[in-house]
Each structure stands twice: as C-alpha cells, then as structure tokens.
Amino acid sequence: GAVVSQHPSRVICKSGTSVKIECRSLDFQATTMFWYRQFPKQSLMLMATSNEGSKATYEQGVEKDKFLINHASLTLSTLTVTSAHPEDSSFYICSAGQGFDEQYFGPGTRLTVT
Amino acid sequence: QKEVEQNSGPLSVPEGAIASLNCTYSDRGSQSFFWYRQYSGKSPELIMFIYSNGDKEDGRFTAQLNKASQYVSLLIRDSQPSDSATYLCAVGGVTGGGNKLTFGTGTQLKVEL
C-alpha cells in the first residue's frame with residue numbers, strides 16, 4: 001500500500017517554457033500532498049503544501065506565481081513550473097500524506113532546463 | 001539551532017555490524033518521528049515511524065525515541081551493503097507546522113564488505 005506515482009520521471013525543456021508534473025496516490029486518498037525540491041547533494045526543501053480543493057500553502061521564498069500547484073482531487077496534485085530557467089533545474093519530488101503525519105514519496109521528476 | 005539535526009557522516013560500518021544513526025530535534029511539542037532511506041538519485045522511502053517513547057522493531061530495523069532527551073535513533077542490525085544510503089530523520093507535529101514534516105539533512109551510511 002501507500003504507492004505514489006509521478007509523471008514524467010525526467011523532462012528536458014527549453015528556457016522560457018512551462019512544465020507540468022503530475023503526482024498521484026494510487027491506492028489511497030490523500031487530502032494533503034507536498035511538493036519538495038532537492039538540488040544535488042543537498043537536503044529536501046519543502047516548496048508547498050497542497051490541500052484538496054483549496055489553495056496551496058507555499059513556503060517562504062517560493063514564488064507561487066512561478067510554481068503553480070493544483071490539487072483537484074484526492075488522488076492527484078500537479079505542479080507547473082512556469083517560464084522555466086536553468087536555475088530551476090532540479091529533482092522535484094511529491095509526497096502524499098496518510099495516517100498521522102506519514103508521508104509517502106513519489107519517485108521524483110528530474111527537470112533539466114536548457 | 002537547526003530544528004532537526006543529524007551528523008552528515010559518512011558513517012562507515014563493516015558488513016554484519018550494527019549501524020546506529022542518531023537525530024536530535026528542538027521542538028518539545030513534536031509528536032511523530034520518521035526515518036527515511038534515500039539512495040543516490042532516488043526519492044526517500046519511509047522505513048520506520050515511531051510516536052511513543054521506547055523502542056519499535058521492524059525486521060532488522062529498530063527505532064528508539066526518547067522525548068525527554070529529544071532524540072530519536074535508528075539501529076540497523078546485520079548491516080548489508082544494500083543498506084548504504086542516506087538516512088533522513090523527519091519530525092512531525094512541530095508547533096505551528098500543521099502536518100508538515102521537518103527533515104534533517106541526512107546521515108550517509110556506508111556498509112563495507
């Protein structure tokens with residue numbers, strides 16, 4: 001149980017374009033999903049908390065107009081990186097909440113902006 | 001002071017030995033404690049969680065929680081080369097944090113043949 005998928009696993013895009021990443025909880029309903037970013041050899045950085053049917057809560061320093069989050073159902077949250085630039089290249093990982101604070105992570109999406 | 005602290009390592013142990021990973025946290029109101037394993041280039045995988053003081057065992061893994069001293073540890077018995085990874089400690093129920101988890105920076109474990 002507690003399987004979370006992410007799509008795509010890898011994406012290369014040109015500077016200035018937008019990229020959408022999907023996160024799905026496959027075998028449970030997740031009221032809350034989380035989006036993280038991780039640069040090489042660094043720790044996880046929480047970007048935002050996504051609650052089904054409401055606006056996402058962004059962490060300090062994360063631009064909400066650049067990283068658009070939609071949590072339209074209990075099994076799907078999406079992150080759209082708008083007008084991507086090379087500095088947005090990173091490993092983006094979602095997680096879905098279950099039980100008492102448990103989070104189960106998706107496999108991650110490696111974004112490269114050229 | 002960081003909210004969740006871990007020694008970055010690397011912690012090197014020989015195959016078959018016990019690996020002991022430690023984590024301290026600053027918020028006394030923390031309610032839930034997690035250990036994640038992250039292989040290089042992969043996402044974190046939940047391996048243990050503990051909510052109450054004491055020990056919790058699952059196979060080769062034992063999580064230990066001491067709320068009075070504000071530390072949580074993970075013991076890995078009979079360490080295998082496949083256990084080589086970065087282990088992330090995460091704390092939930094932090095005051096004002098909602099249902100977010102606060103992660104440590106991780107301890108790199110190397111199990112040597």
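This section reports on the structure supplied with the text.

Looking at the pairing of strand 3 (residues 19-25) of chain B
Residues and elements named next belong to chain B.
- Side chains of strand 3 alternate between two faces, with Ala19, Leu21, Cys23 and Tyr25 buried and Ser20, Asn22 and Thr24 left unburied.
- Across six bridges, strand 3 lies against strand 8 (residues 71-76) in antiparallel orientation. When the sheet's bridge partners are listed, Ala19 is paired in strand 8 with Ile76.

With respect to the sheet that holds strand 8 of chain B
Residues and elements named next belong to chain B.
- Spatial strand order, 1-3-8-7-6: five strands in an open sheet with antiparallel pairing. Edge positions in the open sheet fall to strand 1 (4-5) and strand 6 (54-58), since each of these has one partner strand only.
- As paired strands, strand 6 and strand 7 (residues 61-66) are joined by five bridges and run antiparallel to one another. Paired with Glu57 across the strands is Thr62, a residue of strand 7.

Thoughts on the interface of chain A and chain B
- Between chain A and chain B, the residue contacts involve 21 residues of the former and 21 residues of the latter.
- Ranking the residues of chain A by area buried against chain B places A:Phe100, A:Asp101 and A:Phe105 at the top, with a combined share of 32%.
- Our count for the contact surface shared by chain A and chain B stands at one salt bridge.
- A:Glu59 is paired through a salt bridge with B:Lys100; the nearest N and O atoms lie 3.0 Å apart.
- The tally of links from chain A across to chain B stands at eight residue pairs in polar contact (both at pLDDT 80 or more).
- Considering only residue class, the side of chain A that touches chain B consists of ten nonpolar, seven polar and four charged.

Quick notes on the rules
- Residues numbered from 1 in each chain as written.
- Chains lettered and ligands numbered in written order.
- Predicted model: local features only at pLDDT ≥ 70, side-chain atom pairs only at ≥ 80, totals over all residues.
- Heavy atoms only, no water.
- Buried < 20%, exposed > 50% of the residue type's maximum accessible area, 1.4 Å probe, protein only.
- Helix = DSSP H or I, 4+ residues; strand = E, 2+ residues; numbered from the N terminus.
- Pairing = 2+ DSSP bridges.
- Contact = heavy atoms within 4.5 Å.
- Buried area = accessible area lost by both parts, 1.4 Å probe.
- Salt bridge = Lys/Arg side-chain N within 4 Å of Asp/Glu carboxyl O.
- Polar contact = N/O pair within 3.5 Å; in protein donor to acceptor, adjacent residues only side chain to side chain.
- Nonpolar A, V, L, I, M, F, W, Y, C, P; charged D, E, K, R; others polar.

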